[in-house]
Amino acid sequence: MSKPKVGIFGITGCGGCQLEILNLEDQLLDLVNAVEIVHFTEAITEHSDNYEIALVEGSITTEHDVERIKKIGDIAKIIVAVGSCAVSGGLNCLKNLYGVERAKELVYGDKKDWIDSIEVKPIDEYIRVDYYARGCPPNRLEIVDIIRSLIIGRKPEIPNYPVCVECKRNGNTCVYDIGITCLGPVTRAGCNSRCPSSATGCEGCRGLIDDPNINAQKDLLAENGLTVEDIINQFNLYNACKKVEAKESSK
Amino acid sequence: MLYKVMGRDVFKDFVKSLISNYEFIGPKRKDKAVHDFVPIKDISELDINYKRTTIPPAKKILFPPDEKLVAYEVNEKIKVRPVVESSEKVLFGINAWDINGMNFLDRFFVTDFVDENYLERRKKLIVIGMDSEPTETNFSPSMDSEYAKDGFDLYITELKDRYFIRINTARGDEILKKYSVTENALVKDFKDYNNYMDNYRKKFKLDVNIKDFYDNFELIYDDDEFWEKVAKNCYSCGSCNLACPTCFCFNVKDDIELNLKDGNKTREWDSCMLPEYGLVAGGHNFRPDKENRLKQRYRCKLKTFLDKFGRYACVGCGRCIEVCLAKINIADNINSIKKEVSV
Ligand code: SF4
Ligand code: SF4
Ligand code: SF4
């Protein structure tokens, strides 16, 4: 069996997701043995356009990004979005809340016309994405699981249940019991309840589960003293590109 | 059963000896909300005056949330090795309803199929029970679980100036003889103990009308309106299952290393409240809606095991009420079911 060729790309993001891959430590050697890495924006200078699997970090925020992502989409057979920015647009989407022109003006003042900037979108708005390694930063073990699953030809196991499950498996105190609010009940697990495990509320960086009970979550946040505006802000931190609307009856 | 009494100082020394001679698991304060059962190295860490614990202690030890079952190696030949991790432990300070929850798991894991991993750990677990303060959501007297009849080696009850000890196994008797000095319990001790139990039972405030409930669950089973109302705010988060001392469902996963040679089969806690629990190959889901799932959970607790083991799969610990952010309350719901079906 020849080793699959893999390209690891950074579009617009902080680079932290690629760093998570570099931080694999124990498993990095096994990874390099299992696949052939032909491009790694943050780690190697060599580059080849011959790859089957693309791992993409970052969201699409410039015309140049659009060109790059389309090219990757044309070449790769399998595309994995890595991290919140690639998956759902991530924090970058906060720009959209101001509007592109206003945001450019706020940041670059009278030099704003020099800047190539468009409305922020996750990569699946431009190309087909096969798998999503969610999170900010993503869980490196999940990235490994996706790669390993692709090699042996099975579906990666990506949870479609809320963070509360992992909190229970980890024996955590629910942060609501110590007066902190949390988006865990509607947020997709897979982070090993990283934030609640350190007594911090979940901010929803992995996005929503498939069938979230948004109405119940809104009631819960309101009961814990949040205003409608606070609640929208909570949901929007990582999900501003994917609008959250309350369904009438939440099934 | 043998009955002894022990003085206060003797008790303290007894606990100290257990801590230094065994792998000792006991309650320790975790934060302002809960206690947790963890390995104790010094008596100062132990806090037997606990009220709320998140994950039931016996379940955590005997049926851990994440457990390796099989390790394998793929070379020219495939080598497969069962993994059973167990060691002798003292579980100290577990209360009566959690012992009753463990008794349920004991029965589940040896009926129909014997779970070697569970059984190995259970045999090596020395159980020393003690009463704890019930929480506001506890209704264990309604479920006949505020008192442990069996399942423990020793059960120690604190009376005013001494401890009343019920010895239920030869192992418990040996440990007591080896590490402490006791006296036979006399009529007066029994009287004080009965008195204590009367007062203890008064501390449980929540009353659930489950008497003669038996077959009545069937009458509510098809009432969609009832289940829709009850499940409306459910997040399908599984917390109620995972925190329950009698919930035993698990999922087995295949973890192969990146070297594609070594791998494990591991099991992790699963929950019937999660949408994917009822999903089968081909994409069909037996319980696609939260109403169906909640109904299934209640049926498991209140009917399935009544038919199978002659007892409810609920000890009334109240944890599923405490952890449910949607405020779905099994005690209230049993009362409403009882009301609906008795018209
Ligand atoms: S801390 Fe958050 S994720 Fe954990 S159980 Fe509570 S609500 Fe759920
Ligand atoms: S804990 Fe409550 S919200 Fe979560 S699955 Fe159970 S009933 Fe539903
Ligand atoms: S169903 Fe609820 S009250 Fe009953 S044993 Fe389980 S967690 Fe405790």
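All values derive from a computational prediction rather than experimental measurement.

Definitions and limits used
Residues numbered from 1 in each chain as written. Chains lettered and ligands numbered in written order. Predicted model: local features only at pLDDT ≥ 70, side-chain atom pairs only at ≥ 80, totals over all residues. Heavy atoms only, no water. Near = heavy atom within 4 Å. Helix = DSSP H or I, 4+ residues; strand = E, 2+ residues; numbered from the N terminus. Buried < 20%, exposed > 50% of the residue type's maximum accessible area, 1.4 Å probe, protein only. Contact = heavy atoms within 4.5 Å. Polar contact = N/O pair within 3.5 Å; in protein donor to acceptor, adjacent residues only side chain to side chain. Buried area = accessible area lost by both parts, 1.4 Å probe. Salt bridge = Lys/Arg side-chain N within 4 Å of Asp/Glu carboxyl O. Nonpolar A, V, L, I, M, F, W, Y, C, P; charged D, E, K, R; others polar. Pairing = 2+ DSSP bridges. Axes fitted to C-alpha atoms, helices over the stretch in contact; angles between N-to-C directions. Domains from an automatic or database assignment. Patch = residues over 30% accessible without salt bridge, like charges linked within 9 Å, V, L, I, M, F, W, Y side chains within 5 Å. Areas by Shrake-Rupley, 256 points an atom, 1.4 Å probe, with all protein chains shown as cover.

Every residue lining ligand 1 is accounted for by A:Val163, A:Cys164, A:Cys167, A:Lys168, A:Cys174, A:Val175, A:Tyr176, A:Cys182, A:Gly184, A:Pro185, A:Pro196 and B:Leu325. Lying at an intersection of chains, ligand 1 is approached by residues of chains A and B. No other element matches the four residues that helix α8 (residues 163–169) of chain A contributes to the shell around ligand 1.

The next point concerns the environment of B:Thr246. Residue and element names in this part refer to chain B. Assignment of secondary structure puts Thr 246 in the loop between α9 (239–242) and β11 (250–256). Taking the relative accessible area as the measure of exposure, Thr 246 reaches 0% and is therefore buried. In this structure, the C-alpha to C-alpha distance between Thr 246 and Cys 317, residues 71 residues apart in sequence, is 10 Å. Setting aside anything within four residues of it in sequence, one finds Thr 246 in contact with Gly 101, Phe 104, Leu 105, Lys 301, Ala 313, Cys 314 and Val 315. A distance of 2.9 Å separates a polar atom in the side chain of Thr 246 from a polar atom in the side chain of Lys 301. In this structure the side chain of Thr 246 is engaged in a polar contact, spanning 2.8 Å, whose partner is the backbone oxygen of Ala 313.

Opposite the 35 residues of chain B that make contact, chain A presents 34 residues. With both sides pooled, the region where chain B packs onto chain A buries about 3100 Å², and carbon together with sulfur makes up 57% of that total. Ranking the residues of chain B by area buried against chain A places B:Tyr235, B:Leu258 and B:Leu325 at the top, with a combined share of 26%. For the interface between chain B and chain A, the tally reads three salt bridges. Looking at the side of chain B that touches chain A element by element, the count peaks at three residues for β11(B). For the side of chain B that touches chain A, the class distribution of residues is 16 nonpolar, five polar and 14 charged.

All names here are of chain B. A sheet is described by the order of its strands in space; here eight strands give the open sequence β3-β2-β6-β7-β8-β9-β1-β10, paired in mixed fashion. Of all strands in the sheet, those bounded by a partner on one side alone are β3 (35–39) and β10 (183–184). Note that strand β7 (residues 125–130) and strand β8 (residues 154–158) share three bridges and pair parallel. Residue pairing in the sheet places Ile 128 in a bridge with Leu 154 of β8. Along the sheet, helix α1 (residues 8–21) contacts β1 (2–7), β2 (23–29), β6 (89–94), β7, β8 and β9 (162–167); its crossing angle with β1, the most-contacted strand, is approximately 105°. On the sheet, helix α6 (residues 187–202) packs against β1, β8, β9 and β10 and is oriented at approximately 95° with respect to β9.

Residue and element names in this part refer to chain B. According to the stated counting rule, one finds 46 salt bridges over all chains in the structure shown. Across the pair Arg 162 and Asp 161 runs a salt bridge whose closest N-O atoms are separated by 2.8 Å. When the shortest N-O distance is used, the salt bridge between Asp 254 and Lys 265 registers 3.3 Å. Taken as a pair, Asp 254 in strand β11 and Lys 265 in strand β12 (residues 262–269) lie far apart in primary sequence, 11 residues in all. What makes Asp 254 partly exposed here is its relative accessible area of 27%. What you see here is one network of salt bridges that share partners, running through Asp 161, Arg 162, Lys 188, Asp 189 and Asp 192.

Okay, the domain arrangement of chain A next. All names here are of chain A. Looking at the assigned domains, one finds that chain A contains domain 1 (5–152) and domain 2 (163–239). Each of domain 1 and domain 2 was reduced to a C-alpha centroid, and the two centroids are 25 Å apart. Across the contact surface, domain 1 and domain 2 share one salt bridge. The interface formed by domain 1 and domain 2 includes six residue pairs in polar contact (both at pLDDT 80 or more). Of all the elements in the fold, those that place two or more residues in the side of domain 1 that touches domain 2 are α4 (84–88) and α5 (94–98). When the residues that make up the side of domain 1 that touches domain 2 are grouped by side-chain class, the tally is six nonpolar, five polar and two charged.

Residues and elements named next belong to chain A. Taken together, the side chains of Leu 97, Tyr 98, Leu 106, Val 107 and Tyr 108 define a hydrophobic patch exposed on the protein surface, amounting to about 550 Å² of accessible area. The set of elements that each furnish at least two residues to the nonpolar patch consists of α5 and α6 (100–108). The element that contributes the greatest number of residues to the nonpolar patch is α6, accounting for three residues. Here Leu 106 shows up in helix α6. Judged by its relative accessible area of 47%, Leu 106 falls in the partly exposed class.

Time to look at the domain arrangement of chain B. All names here are of chain B. Split into domains, chain B comes out as domain 1 (2–201) and domain 2 (213–342). Placing a centre on the C-alpha atoms of domain 1 and another on those of domain 2 gives a separation of 26 Å. Taken together, the contacts link 41 residues of domain 1 with 40 residues of domain 2. Overall, the association of domain 1 and domain 2 removes approximately 3600 Å² of surface from exposure, summing both partners, and the carbon and sulfur fraction of that is 59%. Its largest share of buried area at the contact with domain 2, domain 1 owes to Tyr 72, Phe 104 and Phe 139, together 21% of the area lost on that side. Between domain 1 and domain 2 we count five salt bridges in total.

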